[in-house]
Amino acid sequence: MEVVFPPPTTSNKSLPIFINSKPTPRRRCSIIISEIQEIRVCTNRSCRRQGSMQTLETITALAPPTVAVKSCGCLSRCGNGPNLVVLPAGTLVGHCGTRARAAEVLVALCGGAWDSDAADKSLEALALRNKAEIELNNNNFSQAELFLSQAIELRPIGGIHITYKDRSIARLALGNHSGALEDAAQALALNPLYPEAYICQGDAFLAMSHFDSAQKSYLTALQIDPSIRRSKSFKARIANLEKLTAVPD
């Protein structure tokens, strides 16, 4: 794994990163890196051919909510791709062409140490989450809840706020209103700016006839992401809330 070292600063902290797929003590190195804010994955032609879209998808799904993940253009290391850059430090990491590799790199960057077991568990949790999404789409809510609970127990490096949000949806569909509300709260504790979780929270409040709280949750989601105003499902929620709270003539 190629690493280009950024210049050290007094405000940076040391973060261990390893070179090659199976690090040994002789291959271990430490780079000076500030707190990670963003990871950009090259999706230019060469890196794309080497699997960077899969890398982007995996890191996006598993990144902690405090780390933004985006695609970017060429990072001028085409022979060592797929490449990514960690910001704001400007650290370049190469040879991230598989899901396993992407998960290992993400765990090392965000967890502070190379941990293949944590990477494997994160990938397993992601696979369970993907299975649960299929079950949700097929209205198999009990099976979806089971998969999502198993994913949470694996304690992945990131993406768990999405898992809680999805389980909130499943639990609400199963009539477990308090469980749905609790899961929405867990998702928001992990990511306070997660509009989908506020919508789930609003749905749970609405099912419990807590109309003022439901309205507050929906409006908070709208403040975070004004684009959802155009969503048909969001419009339907607001219309339903207005219907339930309308004063009879």
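Notes on the structure in this doc start here.

Another point: the pattern of salt bridges. This model, assessed by the stated rule, comprises 10 salt bridges. Where Arg171 meets Glu145, a salt bridge forms, and the shortest distance between an N and an O atom there is 2.9 Å. Placement of Arg171 in helix α6 (residues 160-173) and of Glu145 in helix α5 (residues 141-153) is noted, with a sequence separation of 26 residues between them. For Arg171, a relative accessible area of 14% translates into the label buried. By relative accessible area, Glu145 is classed as partly exposed at 21%. Here Arg171 makes a salt bridge to Asp183, at a shortest N to O gap of 3.4 Å. Taken together, the residues Arg171 in helix α6 and Asp183 in helix α7 (residues 177-190) connect sequence positions 12 residues apart. We note that Arg171, like Asp183, is buried. Taken together, the shared-partner salt bridges in this structure form one network comprising Glu145, Arg167, Arg171 and Asp183.

So, how was this worked out
Residues numbered from 1 in each chain as written. Predicted model: local features only at pLDDT ≥ 70, side-chain atom pairs only at ≥ 80, totals over all residues. Heavy atoms only, no water. Salt bridge = Lys/Arg side-chain N within 4 Å of Asp/Glu carboxyl O. Helix = DSSP H or I, 4+ residues; strand = E, 2+ residues; numbered from the N terminus. Buried < 20%, exposed > 50% of the residue type's maximum accessible area, 1.4 Å probe, protein only.

Just distances and angles here, no functional claims.
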